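The lines below spell out each chain.
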Amino acid sequence: MLNGLLLVLLALWGGLIPFVGPYFNFGFGSDNAWVYTSDRLVLSILPAIAVGVGGLILLASSNRPVALFGSWLAILGGLWFVVGTTIAAQWNISLGAALGGQTRQIAEQLSFFQGLGAVIVLLAAMALGRFLVVGVREARRAETARVEPGRVEPERTAAKEGHGGPGSTAAPDWENRAGPRHEDQRPSSPAERTRRATPPSRR
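Here the structure is a predicted model, which is why all the values come from computation and not from measurement.

S.K.: Describe the overall build of the protein, with residues and values.
M.R.: Secondary structure assignment for the protein yields eight helices and zero strands. Each helix and strand of the protein, ordered N terminal to C terminal, gives the series α-α-α-α-α-α-α-α. A burial count over the protein gives 29% of its 203 residues as buried. For the protein, long-range pairs separated by at least 24 residues make up 71% of all intrachain contacts whose partners lie at least 6 apart in sequence. When the accessible surface of the protein is split by element, carbon and sulfur atoms take 62% of a total near 13600 Å².

See below:
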């Protein structure tokens, strides 16, 4: 599934960019690459793990409840990218000031958090909608399964009653009617046969 693959790639970006961005003077706070801090863990690594696991679930699972769980997990990770910096500021958690000038700072803020989270939420929501909405084929299949027993039952009833519904192999009513009994078809006596065989005399 394309959405799952894109979510995994975005998760890799969100989890790794704080560590490799300083190589290009692109990041927050320190310009030292591959520096682990608890702030990066809360604001970047944990949501990236949630999005990555959700994307992998969407890629690997064909079970609808499991895929729904993966979609919601990715949505929650994306939401944390969007609002995490605002909420974490109340806990004195921060990556520091963005590096570079004003344009670069805007790009850093969007690509690290708000913009990245918005794209993740969009992709995960599209995947979620795909599993929530019943497809047209599934709806038709369910409708057919509901209607078919009602079509078959009258035919079976007609066959049992001898009315011969469409496609029925039951014998028609006239074949089921009682014919002359065997004893009524016994040959008559010799005198009777002679009388029947003799033509009437002319007047």
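On we go from here.
S.K.: Talk me through the packing of helix 3 (residues 64-88) against helix 5 (residues 114-132); I want residue IDs and the actual numbers.
M.R.: Relative placement of two packed helices is described by the angle separating their axes and the distance separating the axes. Where helix 3 meets helix 5, the closest approach of the two axes is 8 Å, and the angle between their N-to-C directions is 160°. In terms of their interaxial angle, helix 3 and helix 5 are classed as roughly antiparallel. Between helix 3 and helix 5 the crossing geometry is left-handed. Counting all contacts with helix 3, which are made through Arg-64, Ala-67, Leu-68, Ser-71, Trp-72, Ala-74, Ile-75, Gly-78, Leu-79, Phe-81, Val-82 and Thr-85, the residues of helix 5 involved are Gln-114, Leu-116, Gly-117, Ala-118, Ile-120, Val-121, Ala-124, Ala-125, Ala-127, Leu-128, Phe-131 and Leu-132. Considered class by class, the residues forming the contact of helix 3 with helix 5 number 18 nonpolar, five polar and one charged.

S.K.: Explain the environment of Leu-110 to me, using residue names and the numbers behind them.
M.R.: Locating Leu-110 in the fold gives a position in helix 4 (residues 102-112). If near-sequence neighbours (up to four positions away) are discounted, Leu-110 is found in contact with Gly-115 and Leu-116.

S.K.: Go over the packing of aromatic side chains with me, naming the residues and quoting the values.
M.R.: Enumeration over the complete set of coordinates arrives at six aromatic pairs. On the basis of an interplanar angle of 20° and a centroid distance of 5.8 Å, the ring pair of Phe-19 and Trp-34 is categorised as stacked. Separated by 15 residues along the polypeptide, Phe-19 in helix 1 (residues 2-20) and Trp-34 in the loop between helix 1 and helix 2 (38-60) bring together distant segments of the chain. Both rings, one in Phe-26 and one in Phe-112, keep their centres 5.7 Å apart while their planes meet at 45°; by these two values the pair is tilted. With Phe-26 in the loop between helix 1 and helix 2 and Phe-112 in helix 4, this residue pair connects regions lying 86 residues apart in the sequence. The pair formed by Phe-26 and Phe-112 is uniform in burial state, with each residue classed as buried.

S.K.: I'd love a proper account of helix 4, names of residues and values included.
M.R.: One turn of the α-helix equals 3.6 residues, which is why residues spaced by three or four share an orientation. Among the residues of helix 4, those classed as buried are Glu-108, Ser-111 and Phe-112. Each buried residue of helix 4 lies within a common arc of 90° when the element is viewed along its axis, so the set occupies one face. More than 90 degrees from the buried face of helix 4, the exposed residues found are Gln-102 and Thr-103. Where helix 4 is buried, its residues meet helix 1, helix 3 and helix 5.

S.K.: Which residues make up the side chain of Glu-108, and what values go with them?
M.R.: With respect to the element layout, Glu-108 can be found in helix 4. Here Glu-108 is buried and forms no salt bridge, its nearest opposite-charge partner Arg-104 lying at an N-O distance of 4.9 Å. At 3.1 Å, the side chain of Glu-108 and the backbone nitrogen of Gly-27 are in polar contact. Sequence-distant contacts of Glu-108, that is, excluding residues within four places in its chain, are made with Asn-25, Phe-26, Gly-27, Phe-28, Ala-98, Leu-99 and Phe-113.

Rules used throughout
Residues numbered from 1 in each chain as written. Predicted model: local features only at pLDDT ≥ 70, side-chain atom pairs only at ≥ 80, totals over all residues. Heavy atoms only, no water. Helix = DSSP H or I, 4+ residues; strand = E, 2+ residues; numbered from the N terminus. Buried < 20%, exposed > 50% of the residue type's maximum accessible area, 1.4 Å probe, protein only. Contact = heavy atoms within 4.5 Å. Areas by Shrake-Rupley, 256 points an atom, 1.4 Å probe, with all protein chains shown as cover. Axes fitted to C-alpha atoms, helices over the stretch in contact; angles between N-to-C directions. Parallel < 35°, antiparallel > 145°, perpendicular 65-115°, else oblique. Left-handed = near helix turned anticlockwise from the far one by under 90°. Nonpolar A, V, L, I, M, F, W, Y, C, P; charged D, E, K, R; others polar. Phe/Tyr/Trp six-rings, centres within 6.5 Å; stacked < 30°, edge-to-face > 60°. Arc of directions from axis to C-beta. Lys, Arg positive; Asp, Glu negative; His and termini not counted. Salt bridge = Lys/Arg side-chain N within 4 Å of Asp/Glu carboxyl O. Polar contact = N/O pair within 3.5 Å; in protein donor to acceptor, adjacent residues only side chain to side chain.

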